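Given next are the chains, with one letter for each unit.
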Amino acid sequence: MTTARIRARRLAPLIAGLGATALLLTACSGDSGGETAAPTDFTYLSFAENTSIQDTLTSLSTGSCSAENEALPLDITTQPQASYDQQLQLLAGQNALPVLFASGNSPQVAKDLNDGGKLVDVDAALEELDQSDAIIPAARSTIEALYGGDVYVLPTEFNVEGIWYNKQLFAENGIEEPTTWDELVDAAAKLSAAGVTAFSADGQDGWPLTRLVGNYLFRTIGPDALQKVIDGEASLTDPEYVEAAAAVADLGKEGYFGPSVGSIDYMTAVNQFLTGEAGMFYMGSWILANFNDPEQNKIGAENIGFMPFPDVEGGEGSRDQLAANVGVPLALSEASYGDDVSAWLGCFAENFGSTSLGEQGVITGFAVNEPVEDLPPLTQAVQEKIDATTQSVLWFEALFNAKAATTSQTNASQLVTGAISPEEFMEMVQADLE
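Quick summary incoming for the structure in this document.

Rules used throughout
- Throughout this description, residue numbers start from 1 for each chain and increase along the sequence as written.
- Two thresholds apply to this predicted model, a pLDDT of at least 70 for residue-level local features and 80 or more for giving and counting side-chain atom pairs, whereas whole-chain, interface and lining totals are computed over all residues.
- With hydrogens and water excluded, all non-hydrogen atoms of the structure serve as input to the side-chain values.
- In this analysis, axes come from line fits to C-alpha atoms, helices being fitted only over the stretch in contact, and the angle between any two N-to-C directions falls in the range 0 to 180 degrees.
- Secondary structure counts use DSSP, requiring at least four H or I residues in a row for a helix and at least two E residues in a row for a strand, with both numbered from the N terminus.
- If an angle is under 35 degrees, it is roughly parallel; if it is over 145, roughly antiparallel; if it lies from 65 to 115, roughly perpendicular; otherwise it is oblique.
- Each crossing is labelled by how the near helix is turned from the far one, with a counterclockwise turn of less than a right angle marking it left-handed and a clockwise turn marking it right-handed.
- The contact criterion used is simple: two residues touch if any of their non-hydrogen atoms lie within 4.5 Å.
- A pair is scored as a salt bridge if a Lys or Arg side-chain nitrogen falls within 4 Å of a carboxyl oxygen belonging to Asp or Glu.
- Relative accessibility thresholds used throughout: buried, under 20% of the residue-type maximum; exposed, over 50%; partly exposed, between the two (1.4 Å probe, protein chains only).
- Note on pairing: DSSP must find at least two bridges between two strands before they are called paired.
- Exposure above 30% relative accessible area and the absence of a salt bridge qualify a residue for a patch, where like charges join within 9 Å and nonpolar side chains (Val, Leu, Ile, Met, Phe, Trp, Tyr) within 5 Å.
- Per-residue and other accessible areas follow the Shrake-Rupley method at a 1.4 Å probe size, with only the shown protein chains counted as cover for residues.
- Positive charge is attributed to Lys and Arg, negative charge to Asp and Glu, and no charge count is given to His or to the chain ends.
- The atom standing in for a charge is NZ when the residue is Lys, CZ when it is Arg, CG when it is Asp and CD when it is Glu.
- Any cysteine sulfur atom paired with another within 2.5 Å is treated as part of a disulfide.
- The directions from the helix axis to the C-beta atoms are what the arc is built from.
- Counting of polar contacts relies on pairs of N or O atoms within 3.5 Å, with two restrictions inside protein: one atom must be capable of donating a hydrogen and the other of accepting it, and residues adjacent in sequence are counted only when both atoms are side-chain atoms.
- Ring geometry is summarised as follows: Phe, Tyr and Trp rings, the Trp one being its six-membered ring, pair when their centres sit within 6.5 Å, and such pairs are stacked at plane angles under 30 degrees, edge-to-face over 60 and tilted between the two.

Here we come to the packing of helix H12 (residues 239-253) against helix H19 (residues 422-433). In the contact formed by H12 and H19, the axes pass within 8 Å of each other and the chain directions differ by 125°. It follows from the interaxial angle that H12 and H19 lie oblique. The crossing of H12 and H19 is right-handed. Contacts from Tyr-241, Val-242, Ala-245, Ala-246 and Ala-249 of H12 reach H19 at Pro-422, Glu-423, Phe-425 and Met-426.

Moving on, we come to the pattern of salt bridges. One pass over the structure, following the stated rule, counts four salt bridges. With a closest N to O distance of 2.8 Å, Glu-161 and Arg-211 form a salt bridge. Here Glu-161 is found in strand S4 (residues 159-166), whereas its partner Arg-211 is found in helix H10 (residues 207-220), with 50 residues between them in sequence. A salt bridge links Asp-432 to Lys-403; the shortest N-O distance between them is 3.8 Å. Taken together, the residues span a long stretch of sequence, with Asp-432 in helix H19 and Lys-403 in helix H17 (residues 402-410) at a distance of 29 residues.

On to the pairing of S4. In terms of burial, S4 is a largely internal element, eight of the eight residues being buried. For S4 and strand S8 (residues 322-325), the ladder comprises three bridges, and the chain directions are antiparallel. Opposite Glu-161, over in S8, you have Ala-323 as the bridge partner. As paired elements, S4 and strand S6 (residues 278-284) share five bridges and run antiparallel to each other. Counterpart to Ile-163 in the pairing with S6 is Tyr-282. When S4 meets strand S7 (residues 304-307), the two strands line up antiparallel, connected through four bridges.

Taken together, the side chains of Asp-115, Asp-121, Glu-144, Asp-150 and Glu-334 make up a negatively charged region of the molecular surface. In this structure, Glu-334 sits in the loop between strand S9 (330-332) and helix H15 (339-360). Given a relative accessible area of 40%, Glu-334 falls into the partly exposed group.

Right, let's talk about the sheet that holds strand S1 (residues 42-47) for a bit. Spatially, four strands are ordered S2-S1-S3-S9 in an open sheet, and the strand pairing comes out mixed. A strand with exactly one partner marks an edge of an open sheet, and here the two such strands are strand S2 (74-79) and S9. Within this sheet the neighbouring strands show an average axis-to-axis angle of 20°, counted without direction. Note: S1 against strand S3 (residues 100-102), two bridges, orientation parallel. The partner of Tyr-44 across the bridge, within S3, is Leu-100. Seen against the sheet, H15 touches S1, S2 and S9 and runs at an angle of roughly 150° to S9.

This part takes up the state of the cysteines. Within this structure, the stated rule accounts for one disulfide. Two residues, Cys-65 and Cys-347, share a disulfide whose sulfurs are 2.0 Å apart. Disulfide Cys-65-Cys-347: the torsion about the S-S bond is -100°, which places it as left-handed. A residue pair is termed long-range when its members are at least 10 positions apart, and Cys-65 in the loop between helix H2 (52-62) and helix H3 (66-71) and Cys-347 in helix H15 qualify at 282 residues. For Cys-347, a relative accessible area of 6% corresponds to the buried category.

For the rest of this paragraph, the subject is H17. All of the buried residues in H17 are Ala-404, Ala-405, Thr-407 and Ser-408. Buried residues along H17 cover an arc of 165° about the axis, so they all sit on one side. Exposed positions of H17 whose direction lies more than 90 degrees from the buried face are Lys-403 and Thr-410. Residues of H17 that are buried sit in contact with H10, helix H18 (412-417) and H19. At the N-terminal boundary of H17, the capping side chain belongs to Asn-401, with an oxygen 3.2 Å from the backbone nitrogen of Lys-403.

This part covers unusual backbone geometry. In this structure, Asn-95 takes a positive phi of about 55° despite not being glycine. Note that Asn-95 resides in the loop between helix H4 (81-93) and S3. We note that Asp-374 has phi near 60°; this positive angle belongs to a residue other than glycine. Structurally, the position occupied by Asp-374 is in the loop between H15 and helix H16 (377-387).

Attention now goes to the environment of Glu-423. Of note, Glu-423 is situated in helix H19. Measuring from C-alpha to C-alpha, the distance between Glu-423 and Leu-378 comes to 39 Å, with 45 residues separating the pair along the chain.

A separate point is the packing of aromatic side chains. Enumeration according to the criterion identifies 17 aromatic pairs in this entry. A centroid spacing of 4.7 Å and a plane angle of 75° characterise the contact between Phe-47 and Tyr-84, whose relative ring orientation is edge-to-face. Of this pair, Phe-47 sits in strand S1 while Tyr-84 is found in helix H4, placing the two residues 37 residues apart along the sequence. For the pair shown, Phe-47 and Tyr-84 are each scored as buried. When the centroid spacing of 5.1 Å and the interplanar angle of 85° are considered together, the rings of Trp-164 and Phe-291 count as edge-to-face. One end of the pair, Trp-164, is in strand S4; the other, Phe-291, is in helix H14 (residues 288-291), and 127 residues separate them in sequence.

Structural data, given as structure tokens:
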């Protein structure tokens, strides 16, 4: 039995906006020739930086999926995330993709592989296995939004995003959980008046700020707000799109992100919230690992609440539509797919969600078929929120090319500090999209 022992700590999963290259398109345009032999191992190619998926697969290979592993032994190899797409392109061009693999740094990589006939139709494969309900509705909605309505990846994580808040600070300042944008702004004003930073935010990396812009668009224009931009039906420079950037810029103008948001990095923002210096914190559910760690969390997990991004009056979207991503999506090679791989997929679909949650504390996009004991209450609360969600939305840069995503994130802090106007911000990003 072949397994891999990975010692590096898991990084928070992030689908980076790297985009696909012409090389990948060329590699996927046809078969390299010759019949592909049936695999002798269940090979898995992973990001070196992400260990949770590898650990869960290893656990399955010695536990729930030991019979499948005996027929097709698990064999894990890794590639640094920075060079991962290049390696995937090389393997695709050689018709040598592993049986199972992280599908790339951006959705476009998997789209191109699928267009080249390289990927298993996961939806159809799960239906054949009578496992159509294995992927939870909210995760399915996210996958369909990312991949043009198709399901050919496996959601090894399911991260919902929203606004975490300090219950004690809210109570002390007479604040109820906001359900509308106006109520959120009022809450920020009360916190600021009490000498508390309203929003802790990683302005150095920028994406936590642009997440707010994206969410505002999804609430005003609707879940397809950014798809319309990609399809050429709308532009980020249209007034209703600039309105979203202006709304977030106004938060900065009022000082609600604190005096030096542009110099605050990820962990500083986390610590600012967990030491009670800030009342609210927009972040994904991957942050639960920090929240559930008493060494980091000085305010106590019992004092943390979670709310979806609020409604905007008159908007087409709804706070029931949680912003979400599927972590590191996995794909299966069509060339390797046969009975032994199908058996592995069936066992994966039935057991991955429970095993990952129970052993790694990671919420996935799969149904949890076995009860997990001793889950932290905050994790349980988020799981319940996920179970009640049927439709999700993406994030601001999810469908952007690499250049536009970089421009968006590197200029986000300037947007909220007033160094550039909302119109200028949207113009710069739109120009790179074109």
